[in-house]
Amino acid sequence: MTQPKTEPNPQRFPPRFTWGVATSSYQIEGAAHEDGRSPSIWDTFCATPGKVLNGENGDVACDHYHRLDTDLDLIQSMGVNAYRFSVAWPRIVPDGRGRTNQAGLDFYSRLVDGLLTRNITPWLTLYHWDLPQVLQDKGGWPARDTALALGDYADVVTTALGDRVKHWITINEPWVAAFLGYGNGIHAPGHTDLAESFAASHHLLLAHGLGVQAVRKNVPDAQVGITLNLAAAYPATDSEADKAAAWRQDGFANRWYLDPVFGQDYPQDFVELLGAASPQAQGLVLPGDLEMIGAKTDFLGVNMYTRSVVEDAPGEGFMNVRGLRPEGSEYTGFDWEVAPQSLTDLMLRLQKDYNPAAIYITENGATYPDTMNADGSVQDDARTRYFQQHVAAVGDAMAGGAKMAGYFAWSLMDNFEWAEGYDKRFGIVYVDFDTQVRTLKGSGQWYRDFVTRAQEGQLA
Ligand code: IFM
């Protein structure tokens, strides 16, 4: 596919554009058994043989919990004006519901204060997959009570931090939490049941609505939204069958979440495709749920990494869709196609079909097998090119009329990449996991210089 020019122009971006880096709690914090944190589903999953590459876990991760101040200095040195992080539910409400753990709140309070002192805007995600294990024991996301518990937890966090945190993301990537967690079992808790995964998707969306409600109640001057992982779906050919397959793929990955979040019903074509596995057929969509899920938000967060190219494939999976690997394209270390033009296409489509008040790219980045040179540098040119192309694609989307308001690079630093353990590095900072030494990669230097120039332009 045609790719945008490589080097983006910092002057294309408006004043007050948000430039950030992103992380999540379980992936970087470590201190898994400290200060009253209870086990999450990821602790359990990691302890289950065969689930995570090399049997790795988040016990130590980047040891961020103990290195908070130096990590905040690192973020500041990157010139960004925003930092997206997530709060670990098991640190705050270790029993899932009820008792609050002050030590957990204190950690995030210090984090927020440290950011504000450094003139960096905190972007807080309430849920990035570390569900307290006690709640999984009571049914996890396929159970409606888990959404209600998230509402209570959101009430606690917004009450404690809402005086200083004005940007809130409710749920990160409900598609991943629902489908990888309960559908194909690649993620915690590792279940493989289609109906369960769609029950989970409905309750994750309900939790989003309850999260919005908590933010509105406790932080009336805040901006709140959800982060969805979206990938534009293209048909392999112009045939009607392939176009229909791309529409099904779009229903699965994109419309299933976008439609209800933007105040519509679930997409009827996909409800029918799911049949008995749909939350509707399971009797899970109760009166008032769609109003709750579709409550007005201030922005849409999009995590974008690649696109899908699909063909009609009768008998393939539950959707009769097969994903292809287009020849001649570049691929990242996850074998994800580098497809920046699809970012522009996706943003323009979102603006046209859903008209969000603002769109933030809340994650974008790439994994490659990095190596450290003898001189201690990490020259990750492929990743730098990836960022250049995608930032340029954001500029193109903006020029085409999408209300782009910010961009967060994934990730601040190499970290625990879920089922892939520490094997897949996404950082713009290299982490030596033996010594915990952090080294800014070539891509990090490029990003720092770019966002600095973009913000200097704004002062001129
Ligand atoms: O590391 C993850 C992150 O937790 C959620 N979005 C995708 C990233 C890369 O796989």
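Relevant structure appears above.
Residues numbered from 1 in each chain as written. Predicted model: local features only at pLDDT ≥ 70, side-chain atom pairs only at ≥ 80, totals over all residues. Heavy atoms only, no water.

1. Structural notes on helix 8 (residues 174-182)
Okay, so step 1: Extensive coverage of helix 8 is indicated by the burial of nine of its nine residues.
Okay, so step 2: Of all the positions in helix 8, only Pro174, Trp175, Val176, Ala177, Ala178, Phe179, Leu180, Gly181 and Tyr182 are classed as buried.
Okay, so step 3: Elements that come into contact with the buried residues of helix 8 comprise helix 6 (133-137), strand 4 (167-172), helix 9 (194-218), strand 5 (223-229) and helix 10 (240-261). (Buried < 20%, exposed > 50% of the residue type's maximum accessible area, 1.4 Å probe, protein only. Helix = DSSP H or I, 4+ residues; strand = E, 2+ residues; numbered from the N terminus. Contact = heavy atoms within 4.5 Å.)

2. As for the packing of aromatic side chains
Okay, so step 1: Using the criterion set out here, one finds 51 aromatic pairs in the structure.
Okay, so step 2: Ring centres 5.4 Å apart and planes at 85° place the aromatic pair Trp19 and Phe450 in the edge-to-face group. Taken as a pair, Trp19 in strand 1 (residues 18-22) and Phe450 in helix 15 (residues 442-459) lie far apart in primary sequence, 431 residues in all. Each of the two residues, Trp19 as well as Phe450, counts as buried.
Okay, so step 3: Geometrically, the ring pair formed by Phe299 and Tyr360 is edge-to-face, given 5.3 Å between the ring centres and 80° between the ring planes. Taken as a pair, Phe299 in strand 7 (residues 299-303) and Tyr360 in strand 10 (residues 359-363) lie far apart in primary sequence, 61 residues in all.
Okay, so step 4: You can call Tyr360 buried: its relative accessible area is 8%.
Okay, so step 5: The structure contains a cluster of three or more aromatic residues connected by ring pairs, namely Phe13, Phe17, Trp19, Tyr386, Phe387, Tyr407, Trp446, Tyr447 and Phe450.
Okay, so step 6: Taking the ring centre of Tyr234 as reference, the NZ or CZ of Arg307 above it sits at 5.0 Å.
Okay, so step 7: Above the face of the Tyr331 ring, Arg325 is positioned so that its terminal group lies 3.8 Å from the ring centre. (Phe/Tyr/Trp six-rings, centres within 6.5 Å; stacked < 30°, edge-to-face > 60°. Lys NZ or Arg CZ within 6 Å of the ring centre and 35° of its normal.)

3. Digging into the pairing of strand 8 (residues 308-312)
Okay, so step 1: Note that strand 6 (residues 233-235) and strand 8 share three bridges and pair parallel. Paired with Ala233 across the bridge in strand 8 is Ser308. (Pairing = 2+ DSSP bridges.)

4. Quick notes on the sheet that holds strand 3 (residues 121-127)
Okay, so step 1: As summarised here, the arrangement of the eight strands in space is 1-2-3-4-5-7-10-11, forming a closed barrel in which the pairing is parallel. In this sheet, adjacent strand axes meet at a mean angle of 25° when their direction is disregarded.
Okay, so step 2: Pairing between strand 2 (residues 82-86) and strand 3: five bridges, direction parallel. Among the inter-strand pairings, Phe85 is bridged to a residue of strand 3, identified as Leu124.
Okay, so step 3: Sitting on the sheet, helix 14 (residues 381-399) touches strand 1, strand 10 and strand 11 (404-410), and the angle it makes with strand 11 is about 170°. (Axes fitted to C-alpha atoms, helices over the stretch in contact; angles between N-to-C directions.)

5. Focus: the pattern of salt bridges
Okay, so step 1: Using the criterion set out here, one finds 34 salt bridges in the structure.
Okay, so step 2: We note a salt bridge from Arg425 to Asp414, for which the minimum N-O separation is 2.5 Å. With Arg425 in the loop between strand 11 and strand 12 (429-432) and Asp414 in the loop between strand 11 and strand 12, this residue pair connects regions lying eleven residues apart in the sequence. In terms of burial, Arg425 and Asp414 fall into one category: buried. (Salt bridge = Lys/Arg side-chain N within 4 Å of Asp/Glu carboxyl O.)

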